[in-house]
Amino acid sequence: DAVLALGVGKDATITHDGTTGATISGTPMVYQSLAASSLASDTHAGIVLEFLAGESIAVGNWVYMSTVDGRVSIADANDTADDGHYPAIGVAVSAQGSAGSAVKILTHGVYNDSDASSFGDSDLTEGKVLFLAEAPGEITATAPSDDGDMVQVCGIAIGPRDVFVNPSLDVVEHA
């Protein structure tokens, strides 16, 4: 074990468990990152978790956790196969070409999509709520409205190509 203590009262620590993990703690604990406006094209800031991919996943694809294999796959508001391809848990910030390999998912934070591929190749309107789209892996400012579609809020537009990623795990079926 190794502990790095910081501050006058040693109120912030980084502890390595001696094998594979580390813990960062502090009183109070504050996470601070770049402002959304300072993000470069196709970058992100926030909480990123690594999962196993259930299929080929591109950067910018919104993903869900499969109940079939426990891996992340491309989310879709109207695909009900295998207990549904929802709720989205975040957006891929690394590409993965095959099932079973690791992929990084931004679960909460800010994502810049310079080519707008994750929201249908068009600019966003700041302040608009964004929903999981019927198009696989995409989000939209228009809630899905066909019978049987699943409606899930995934975040909010904070710039023409910037999304505040904050997916709700609540999903409502449109009837």
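All of these numbers come straight from a predicted model, not from anything done at the bench. (Residues numbered from 1 in each chain as written. Predicted model: local features only at pLDDT ≥ 70, side-chain atom pairs only at ≥ 80, totals over all residues. Heavy atoms only, no water.)

### Some thoughts on the nonpolar core
In summary, soluble globular proteins display a tendency toward joint burial of nonpolar side chains. Using the following cut-off: The definition of a nonpolar core used throughout is a set of buried Ala, Val, Leu, Ile, Met, Phe, Trp, Tyr and Cys residues joined through side-chain atoms within 4.5 Å. For every residue, the accessible area obtained with a 1.4 Å probe (protein chains only) is divided by the maximum for its type, and the residue is called buried under 20%, exposed over 50%, and partly exposed between those limits. Per the convention used, a helix needs a DSSP run of H or I reaching at least four residues, while a strand needs a run of E reaching at least two, with both numbered from the N terminus. Contacts: residue pairs with any heavy atoms within 4.5 Å of one another.
Ranked by internal contacts, the top residues of the largest apolar core, which has 21 residues, are W62, L132, I139, V163 and V165. Counting residues per element, the ones that place at least two in this core are β5 (62–65), β7 (88–92), β8 (102–112), β9 (129–132), β12 (153–157) and β13 (162–165). Contact partners of V163, with chain neighbours within four places excluded, come to W62, G109, V110, Y111, F119, L124, L130, I139, I156 and I158. Ranked by size, the runner-up nonpolar core spans 10 residues in total, among them V72, I74, I89 and I105.

### A short note on the sheet that holds strand β3 (residues 22–26)
Put simply, the test is: Pairing between strands is defined by DSSP: at least two bridges between them are needed. In this analysis, axes come from line fits to C-alpha atoms, helices being fitted only over the stretch in contact, and the angle between any two N-to-C directions falls in the range 0 to 180 degrees.
The three strands lie next to each other as β1-β2-β3, forming an open sheet whose pairing is antiparallel. Unpaired on one side and paired on the other, β1 (2–6) and β3 mark the two borders of the sheet. The average undirected angle you get between the axes of adjacent strands in this sheet is 10°. With five bridges connecting them, strand β2 (residues 12–16) and β3 associate as antiparallel partners. Pairing of T13 across the sheet is with S25, part of β3.

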